[in-house]
Amino acid sequence: MEVSPLPEFSIDAITPATSCNSLDGSFEINMESDADSVIVVETGMNFINVTQGETLTPGNLDPGIYTVKARLGGCVNFKTVSIQNNNPPSSFDPTVTPNSEVCGPDGTLMVP
């Protein structure tokens, strides 16, 4: 029985998106080992036969969370990266109102 090593890589967000629909975010995938394929799941970007030391730069991305799937032989490694939005709509600013805690009858802390 042969066991394939797990394809290793790191991910760094390098460019946040400038708005919700700007398609200008990007990140880097730094290959720490070889891989048969590397796929950005949400976009379908597919890189074939990548080598250790190679840097892949998926770009033209909306803000959001992206999943990277690397495969080597039968082994698969998944990691995620977040592309931030530099100018979120003001309607997305939450209002937070604290509630006082209350002690329950059995000594538990409850937050209404």
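Above this text you will find the structure in question.
The shown structure was predicted, so the numbers you read here are calculated from the model rather than taken from an experiment.

Colleague: Looking at this structure, I do not really get the environment of aspartate 12. What am I missing?
Modeller: On the secondary structure map, aspartate 12 appears in strand β1 (residues 9-15). According to the relative accessible area criterion, aspartate 12 is partly exposed, its value standing at 38%. Sequence spacing of aspartate 12 and serine 26 is 14 residues, and the spatial spacing of their C-alpha atoms is 9.1 Å. Not counting residues within four places of it along the chain, the set of residues in contact with aspartate 12 comprises Phe27, Glu28, Asn30 and Val81.

Colleague: Any chance you could explain the sheet that holds strand β3 (residues 35-40) here in plain terms?
Modeller: Note: strands within a sheet are paired through backbone hydrogen bonds, in either parallel or antiparallel orientation. Pairing is antiparallel across the open sheet formed by four strands, whose spatial order is β4-β3-β6-β7. Every interior strand has two partners, whereas the edge strands, β4 (45-50) and β7 (75-83), have only one. Ignoring which end each strand starts from, the neighbouring axes of this sheet average 15° apart. In terms of strand pairing, β3 meets strand β6 (residues 64-72) through four bridges, oriented antiparallel. Among the inter-strand pairings, valine 40 is bridged to a residue of β6, identified as valine 68.

Reading guide: rules and limits
- Residues numbered from 1 in each chain as written.
- Predicted model: local features only at pLDDT ≥ 70, side-chain atom pairs only at ≥ 80, totals over all residues.
- Heavy atoms only, no water.
- Helix = DSSP H or I, 4+ residues; strand = E, 2+ residues; numbered from the N terminus.
- Buried < 20%, exposed > 50% of the residue type's maximum accessible area, 1.4 Å probe, protein only.
- Contact = heavy atoms within 4.5 Å.
- Pairing = 2+ DSSP bridges.
- Axes fitted to C-alpha atoms, helices over the stretch in contact; angles between N-to-C directions.

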